[in-house]
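Letter by letter, the chains look like this.
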Amino acid sequence: MSAERIDRFQQIAATNRLALPPATLEQIARLDTALQHWKTPALMREFGPAFTRTWREITAPLAPPQRRQFAALYLAQKALAIDDVLRERSLTPALLARYPLALDRLADTLEAMPDPYDFDDELFIKDLRLVLGLGVPAGACILDIRSRMGGTILLGVARRDPLRVLRTGGKIPCFRLYLDPRYREAFNREGMIDYYREAGELLVHHPDVYGFVCKSWFMDPQLERVSPRLAHLSTIPLSAGAFVITRKASDGDRARALKTSPTRRALHEAGKYEPRAVSLVWPREGMIRWAMAQRQERKA
Ligand SMILES: CC(C)(COP(=O)(O)OP(=O)(O)OC[C@H]1O[C@@H](n2cnc3c(N)ncnc32)[C@H](O)[C@@H]1OP(=O)(O)O)[C@@H](O)C(=O)NCCC(=O)NCCS
């Protein structure tokens, strides 16, 4: 990390530490011990029960502003150690090159923290995954590098590869896409081609990972008809070995699908579009092959 960024995070840590009880640094060490191994497949809010318990024990006696200050202090301390963490993750040069901007954005956030910003808040959790080297920044989307497969996705994989599911007891790590609503400007076709290519290149260095998954209304192939601007999200993977598992949308899925688009809302009201919850699964072989072909094309 550059000297300038180190200074910035040290400043953030020092300012927030002043407002907290003296035992804070010991508490941070306790949290570090409680954290589960980074290779444990986990969903976004899962860091291991011991970590969650310790976090809540430490922050329960604090007033809400101090909770945010503790959150900022913890993230700043972790950001200062990020180089060592990233060395363990076998990231590609393309993904490592995304860190300077991501760290600057994190420092901006910590210097003007949103409210709320602690363990129950999604933006904080996304930033926590960033500094722990679990959620790799990749434009508009985060590439979570050790997610776990739950119910439907696991069933879909079991149908295609029953031996693998049996052998691992269903504990199969995968990469997973999470959207970061703060950086939507890169959520376009070009940005997503870069994202998929960089994810595919990283799979080569993570042989235990099954492939890539994303569960969202926007992975629905019917977007080709209702929102062609977003269709590349599923058509690219589907043209290169991915498959989808489709389910009825929950109220939350439906609200998210209709939230920003007058066109989708009008089609829904006219009975011509019903949002669906779609899990897209891109097994590693197809994704790597596609990423390598993309790389060749870029070089040509
Ligand atoms: C996912 C999300 C960020 C995608 O946003 P997006 O790239 O702007 O795409 P949308 O299809 O939602 O666009 C909404 C509107 O923005 C405008 N728009 C988007 N891209 C545009 C472009 N390139 N040119 C002109 N207008 C554009 C259009 O008015 C569009 O409405 P329309 O469908 O009636 O044409 C957005 O849908 C969202 O925030 N949804 C709610 C949260 C969510 O679903 N999160 C993911 C959970 S898994």
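The notes below deal with the structure included here. Every residue gets a number counted from 1 within its own chain, in the order that chain's sequence is written. In keeping with the predicted nature of the model, local features appear solely for residues at pLDDT of at least 70, side-chain atom pairs appear and are counted solely at 80 or more, and the whole-chain, interface and lining totals rest on all residues. By convention in this description, side-chain values take in all heavy atoms of the structure and omit both hydrogens and water.

1. Quick word on the sheet that holds strand β6 (residues 276–283)
By definition, two strands form a pair when at least two bridges between them are found by DSSP. For helices the rule is a DSSP run of H or I covering at least 4 residues; for strands it is a run of E covering at least 2, with both sets numbered from the N terminus onward. Read from one edge to the other, the open sheet built from six strands follows the order β1-β2-β3-β4-β6-β5, with strand pairing classed as mixed. Looking at which strands have only one partner, the edges of the open sheet turn out to be β1 (135–138) and β5 (243–248). Within this sheet the neighbouring strands show an average axis-to-axis angle of 25°, counted without direction. Contacts: residue pairs with any heavy atoms within 4.5 Å of one another. Geometry is summarised by axes, namely lines fitted to C-alpha atoms with helices restricted to the contacting stretch, and by angles between N-to-C directions that run from 0 to 180 degrees. The strands that helix α8 (residues 122–131) touches are β1, β2 (141–148) and β3 (173–179); relative to β1, the one it contacts most, it runs at about 100°. Each of β4 (211–216) and β6 is contacted by helix α16 (residues 284–299), which is oriented at about 75° to β6, the strand it contacts most.

2. Looking at the side chain of R89
Tracing the backbone shows R89 in the loop between α5 (82–88) and α6 (93–96). Only protein chains enter the area calculation, which uses a 1.4 Å probe; residues under 20% of their type maximum are buried, those over 50% are exposed, and those in between are partly exposed. Given a relative accessible area of 5%, R89 falls into the buried group. Of note is the side chain of R89, whose polar atom sits 2.8 Å from the backbone oxygen of G133. In this structure R89 touches W38, L132, G133, I145 and H206, once residues within four positions along its chain are discounted. Identification of polar contacts relies on pairs of N or O atoms within 3.5 Å, with a donor-acceptor requirement for protein atoms, meaning one able to donate a hydrogen and the other able to accept it, and with residues adjacent in sequence counted only if both atoms are side-chain atoms.

3. Observations regarding the nonpolar core
In this description, a nonpolar core means a group of buried Ala, Val, Leu, Ile, Met, Phe, Trp, Tyr and Cys residues linked to one another through side-chain atoms lying within 4.5 Å. Counting residues in each nonpolar core, the largest one holds 83 residues, and the members touching the most others are L128, L143, Y196, F212 and W282. Of the residues forming this core, the biggest block, eight residues, is contributed by helix α4 (residues 64–80). Both domains that meet at this core, namely domain 1 (1–134) and domain 2 (139–300), each give it at least three residues. Apart from the residues within four sequence positions on either side, W282 is in contact with Y196, G211, F212, I236, P237, A240, G241, A242, M287 and W290. Residue ranges labeled as domains rest on an automatic or database domain assignment.

4. Details of helix α3 (residues 49–59)
For α3, every residue scored as buried is listed here: F51, T54, W55, I58 and T59. Taken down its axis, α3 places every buried residue within 115° of arc, on the same side. Projecting away from the buried face of α3 at angles above 90 degrees are the exposed residues P49 and R53. In the core, the buried residues of α3 are packed alongside α2 (24–34), α4 and α8. Arc, as used here, means the arc of the directions from the helix axis to the C-beta atoms.

5. With respect to helix α7 (residues 99–111)
An α-helix turns once per 3.6 residues; consequently, residues spaced three or four apart project the same way. Here the expected span of a helix is defined as 1.5 Å times the quantity of residues minus one. Given a rise of 1.5 Å per residue, 13 residues ought to cover 18 Å, and the 18 Å separating the end C-alpha atoms of α7 matches this to within 8%. Along α7, the residues classified as buried are Y99, A102, L103, L106, A107, T109 and L110. Relative to the axis of α7, the buried residues are bounded by an arc of 160° and lie together on one face. Those residues of α7 that are buried lie in contact with α1 (3–18), α4, α5, α6, α8 and β1.

6. Brief notes about the pairing of β4
By the criterion of burial, β4 is predominantly enclosed, with five of the six residues buried. Where β3 meets β4, two bridges bridge the pair, whose relative direction is parallel. Within β4, the position partnered with F175 by the bridge is F212. With helix α11 (residues 189–204) bridging β3 and its parallel neighbour β4, the resulting β-α-β unit is right-handed. The definition of a right-handed crossover adopted here requires that, viewed with the strands pointing away, the path from the first strand over the helix to the second runs clockwise.

7. Some thoughts on the packing of aromatic side chains
For Phe, Tyr and Trp, where Trp contributes only its six-membered ring, two rings pair if their centres lie within 6.5 Å, and the inter-plane angle classes them as stacked under 30 degrees, edge-to-face over 60, or tilted in between. A full pass over the atoms with the stated rule returns 18 aromatic pairs. With a centroid separation of 5.4 Å and an interplanar angle of 85°, the aromatic rings of Y117 and F124 are classed as edge-to-face. Both residues of the pair, Y117 and F124, belong to the buried class. These aromatic residues form a ring-pair network of at least three members: F47, F51, W55, F70, Y74, Y117, F119 and F124. Its end group placed over the ring of F243, R160 keeps NZ or CZ at 3.4 Å from the ring centre. Whether a charge sits over a ring comes down to the Lys NZ or Arg CZ being within 6 Å of the ring centre and within 35 degrees of the ring normal.

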